[in-house]
Amino acid sequence: MRLMDRDAWKVEAAPSVVQGGDLLKNRPLPDNLGPLDGRVAAHFEMGSTTYFVTTNARYVPLLPEIDPIQIVMRRDMRFGPDDHVLWPRRYCDKFCHLPAIPKAPTSPQAQQEFGIIWWNPTPADFVCPASGLTLTRGLGRLDGKHFAKLANLCVVLIDEYAQQYMKTLPVGKKPALLSVQLVQRLRFSLERLRIPSNYTRMVLGVTTVQREYLELTGFLRYMTKYKPRLEDIEDPRAHPAYPDECIGCFTDNPGIAQLCWKACLPCWLIRPLTAFADEYIWKVVAPFNLSTFLEMQPAAGFSPVAADAQNIDDRPYLVHRCTENTPWYRNPFQVSTPSAANPSAAGAAQAQRAAPSRASARSGASPYAAARAQAKAEKEAKGLNCNAKPARDKFLSFDRPEMPTTITPWAVALAAIDRGRPPSCGIDLPQLYVLPEPALLASAEDESRRRMFYHHYQLMRDALMYRLADHNQRPEPLATQQWRDILQGKVTKQGKAGSRAQARSASLEDLLQPAFIACGIDALTEFPVPLDAIPPLHVHRTKELLWELAEINFRYEFLALDARASGVDRPDECRKCFAGDSLIGMDFRESQRGLAALAAMDRSPYLLCMAGIMRDWSVPCQRPQQIDDAGGCTEWDANAVRHLERGIAQYYTQSFYELFGRAAVIPMRLEHEIAS
């Protein structure tokens, strides 16, 4: 793609005499041009007809030739003639913002600031984990430098949407639906770039973010700059004869050309050469062909997407759908949202889903459920064993040097849960987690066993993250014993034929194999890793791994609890409660932001968002008054924020216990310096 190549936009003069007529016969001074005249003009043949084009811009692109029945992915993971953010298209009232999409910059300063939006990733920008730190083959991420540039621009743009568009809407007026969709898609696409993927999918993720950024920018520019000009709101920056650096549009309607002139948007007015009469034209140039600027070769492995030849104007919608993945978040804890008024039904539904579906189909019942039931029966038959090691109390903070720091109000609230009666969802439910509980890795008394847990988890980390985001399977949560087996390396069928151990390992292989195959792991012969082959791990690295586990579990659990307690799925609202807005692939610097920020006032926006969400909950425990009062409070100080925080932590941990029957995983904090 050569859109940022300054030399590519140099125009060449073309003959002014066409079929006996001279396009320069009425040549005026450039400043005397009107909306139907041409600072430059061009002529071309389409079919058996010769046309001339006039424009207020300094160059003339050719109208792209679009295949009416399909859209084709190109080798650069863009859509060639159909990519409406890279090349002008015919004006359409339904997408009147498209002409306002910014044109690729050619000046060094603009390229330095915004060039990432038109940049082409290369294999050098695809970062794979260091050898020995993961088993995934062919999976990686966009390098941090380029991701940070993209993310920073996107955050600024979304803030601009909130400040310059949303807050200026008249009271009661809703934002345009398309704008809401564009903001949502941009957020989701940026989040997906954090998740491990293969190189092709990484490039597709980058171009998707770029496209959505450009279209949202065009929408905001149109609504805040160009639409006011059309409504005769005076703008001293407007010089119709010198249009802004935007994509612009084609039209054969003089009225549209006049509107674009008034708004200072580039417009190419196409008319049959026979209609040329009194138009003023300053210069005749050769038109630019799209194939000179954009990749046109089809991408291997991507089937064309069928299009409706009768609805060419709807192509942008189809391009949106071509890059749209399945929903960015699917609740792993439940297939559908049970009624908040019937928490016991929620617990029963959770218990029914304890067994992996494919393992159940093969063995008739979950081997983990069978083992749990047998162990319980044996324990009851033996009676109290005074020599047995007491089970770890998951409601208490686990103290070990490699554990991240607990956040005091949350740890206190978890320890203070009323466990004097069974939870509302019932007792003896499987304790399910989307990723292993952090303390599970750190709780082994034997140091070599802990090293094995950390090392095995680190090797499988990318595959487990990929599993959560894989649109081909539901991210089913696993029980504590399943995660313990995974950390021990029991991820392939092993053990004595017909034994529970063999059934358990086979069920894990069934569950994890799709993600491993997608990650390029075709044979799990590396597990378990011999203890003498496990490298040492710095305590800061273990803290980071465990913080990430705590944070991802907490965020998934918060969304699941909200869905159950409120009766609706609203992940977009819930994600505002978290620093960074994402669920997977978080920046470790978020461990000192959001709920983990040291200053109470820095935590307040996230706590107020949580309080607003919690006011919709219907759970069998008393909601603290400070949560209800927070909705009407306009002035906050540090003491009031800390008082609200204690109420939120108390209400969250007790509610989770009532509806899920176990201790919630709570947020934590990293205190060592995090590299940028």
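Going by the structure above, here's the rest.
None of the values given here were measured: they were computed from a predicted structure.

What counts and how
- Residues numbered from 1 in each chain as written.
- Predicted model: local features only at pLDDT ≥ 70, side-chain atom pairs only at ≥ 80, totals over all residues.
- Heavy atoms only, no water.
- Phe/Tyr/Trp six-rings, centres within 6.5 Å; stacked < 30°, edge-to-face > 60°.
- Helix = DSSP H or I, 4+ residues; strand = E, 2+ residues; numbered from the N terminus.
- Buried < 20%, exposed > 50% of the residue type's maximum accessible area, 1.4 Å probe, protein only.
- Lys NZ or Arg CZ within 6 Å of the ring centre and 35° of its normal.
- Polar contact = N/O pair within 3.5 Å; in protein donor to acceptor, adjacent residues only side chain to side chain.
- Contact = heavy atoms within 4.5 Å.
- Pairing = 2+ DSSP bridges.
- Axes fitted to C-alpha atoms, helices over the stretch in contact; angles between N-to-C directions.

Trainee: Outline the packing of aromatic side chains, listing residues and values.
Mentor: A complete count under the given rule lists 29 aromatic pairs for this structure. Judged by centre distance (4.8 Å) and plane angle (65°), the ring pair of F95 and Y317 falls under edge-to-face. Of this pair, F95 sits in the loop between β6 (89-90) and α1 (108-114) while Y317 sits in helix α6 (residues 315-323), and the two are 222 residues apart along the sequence. Owing to a relative accessible area of 33%, Y317 belongs among the partly exposed residues under this scheme. A ring pair is formed by F656 and F660, whose centres lie 4.5 Å apart and whose planes are at 15°; its orientation type is stacked. Of the two residues, F656 and F660 are both situated in helix α19 (residues 638-660); the distance of four residues between them amounts to about one turn of the helix. For the pair shown, F656 and F660 are each scored as buried. Between the NZ or CZ atom of R39 and the centre of the ring of Y242, over which it lies, the distance is 4.5 Å. Note that R662 overlies the ring of Y433, its terminal NZ or CZ placed 3.9 Å from the centroid.

Trainee: Explain unusual backbone geometry to me, using residue names and the numbers behind them.
Mentor: We note that Q19 has phi near 50°; this positive angle belongs to a residue other than glycine. With respect to the helices and strands, Q19 occurs in the loop between β1 (17-18) and β2 (21-22). A positive phi angle is found at D232, which is not glycine, with a value near 65°. In this fold, D232 is placed in the loop between α4 (199-230) and β9 (249-251). With relative accessibility at 60%, the residue D232 sits in the exposed group.

Trainee: Requested: an account of the side chain of E645, with residues and values cited.
Mentor: Relative to the assigned elements, E645 resides in helix α19. Among the polar contacts made by the side chain of E645, one reaches the side chain of R603 at a distance of 3.0 Å. Excluding residues within four positions of it along the chain, E645 makes contact with I407, P409, W410, L595, R603 and L607.

Trainee: Explain the sheet that holds β6 to me, using residue names and the numbers behind them.
Mentor: Strands belonging to one sheet form pairs held by backbone hydrogen bonds; the direction of such a pair is parallel or antiparallel. Read from one edge of the open sheet, five strands run β3-β4-β10-β9-β6, paired in mixed fashion. Single-partner strands in this sheet number two, and they are β3 (40-46) and β6. One ladder, built from five bridges, connects strand β4 (residues 49-55) with strand β10 (residues 267-272); its direction is antiparallel. Bridging across to β10, T55 finds its partner in W268. Where helix α5 (residues 254-263) meets the sheet, it contacts β9 and β10, and its direction lies at approximately 160° from that of β10.

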